[in-house]
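These are the residues of each chain, in order.
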Amino acid sequence: MDATLSIKAVLANTLLLILVIGTLNHIYAAFFGIRRLDRYFSRKPDPSWESRSPFDGFYRLHKYSFLYSLGIRRPAVGAGLSLWLYFSFFSLSIIWITLGLAALGRYLQVGPFA
């Protein structure tokens, strides 16, 4: 019983750590970091024409990280930026899966959050 509790505690703390670090990453990217990605992914002739809105930046972070990580659009970027895109993809996936499971638990009483 104690081993089960400790495994659950480790998994819960790991999930919480991913959610916190991922959320901080996404806030930084939405306000400041998205301009670094616009140079590689923007389809506009001049990437500075992209919107400066944090909401639009958050949308573009989703779009760029999913396109890059799934191999749909993969421009040549540095190793650090590539790692940042993979982490963004991973943390966004974890956040949306967690939110989906929480919604299922709240409204349908199904899943681990029921």
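This structure is a prediction, so every number in the text was calculated from the model and none was measured.

Once that is clear, we can look at the environment of Thr 98. When you line up the elements, Thr 98 lands in helix H3 (residues 79-108). For the pair formed by Thr 98 and Leu 19, sequence separation is 79 residues and the distance between their alpha carbons is 9.2 Å. Aside from chain neighbours lying at most four places away, what touches Thr 98 is Leu 15, Leu 19 and Phe 113. A polar atom in the side chain of Thr 98 sits 2.7 Å from the backbone oxygen of Ile 94.

With that settled, the discussion passes to the nonpolar core. Counting twelve residues, the largest nonpolar core consists of Ala 29, Ile 34, Leu 37, Phe 41, Leu 61, Tyr 64, Tyr 68, Val 77, Leu 81, Trp 84, Leu 85 and Leu 92. Where this core is concerned, the elements lending two or more residues are helix H1 (2-41), helix H2 (54-69) and H3.

Further remarks concern the confidence of the model for the protein. Summary statistics for the protein give a mean pLDDT of 88 and a share of 96% for residues scoring 70 or more. Across the protein, the secondary-structure element scoring lowest on mean pLDDT is H1, at 86, and the one scoring highest is H2, at 92.

With that settled, the discussion passes to the side chain of Ser 69. The topology assignment puts Ser 69 in helix H2. For Ser 69, a relative accessible area of 14% gives the class buried. Every residue in contact with Ser 69, bar those within four places of it in the chain, is listed here: Arg 74, Leu 85, Tyr 86 and Phe 89.

Following both chains from N to C, one finds H2 and H3 inclined at 110°, their axes separated by 9 Å at the closest point. Classed by the angle they form, the pair H2 and H3 counts as roughly perpendicular. On the side of H2, the interface is formed by Phe 58, Leu 61, His 62, Tyr 64, Ser 65, Phe 66, Tyr 68 and Ser 69, while H3 contributes Ser 82, Leu 85, Tyr 86, Ser 88, Phe 89, Leu 92, Ser 93 and Trp 96. Taken together, the residues that form the contact of H2 with H3 break down as ten nonpolar, six polar and no charged.

Conventions we followed
Residues numbered from 1 in each chain as written. Predicted model: local features only at pLDDT ≥ 70, side-chain atom pairs only at ≥ 80, totals over all residues. Heavy atoms only, no water. Helix = DSSP H or I, 4+ residues; strand = E, 2+ residues; numbered from the N terminus. Contact = heavy atoms within 4.5 Å. Polar contact = N/O pair within 3.5 Å; in protein donor to acceptor, adjacent residues only side chain to side chain. Core = buried A, V, L, I, M, F, W, Y, C linked by side-chain atoms within 4.5 Å. Buried < 20%, exposed > 50% of the residue type's maximum accessible area, 1.4 Å probe, protein only. pLDDT = per-residue confidence, 0-100. Axes fitted to C-alpha atoms, helices over the stretch in contact; angles between N-to-C directions. Parallel < 35°, antiparallel > 145°, perpendicular 65-115°, else oblique. Nonpolar A, V, L, I, M, F, W, Y, C, P; charged D, E, K, R; others polar.

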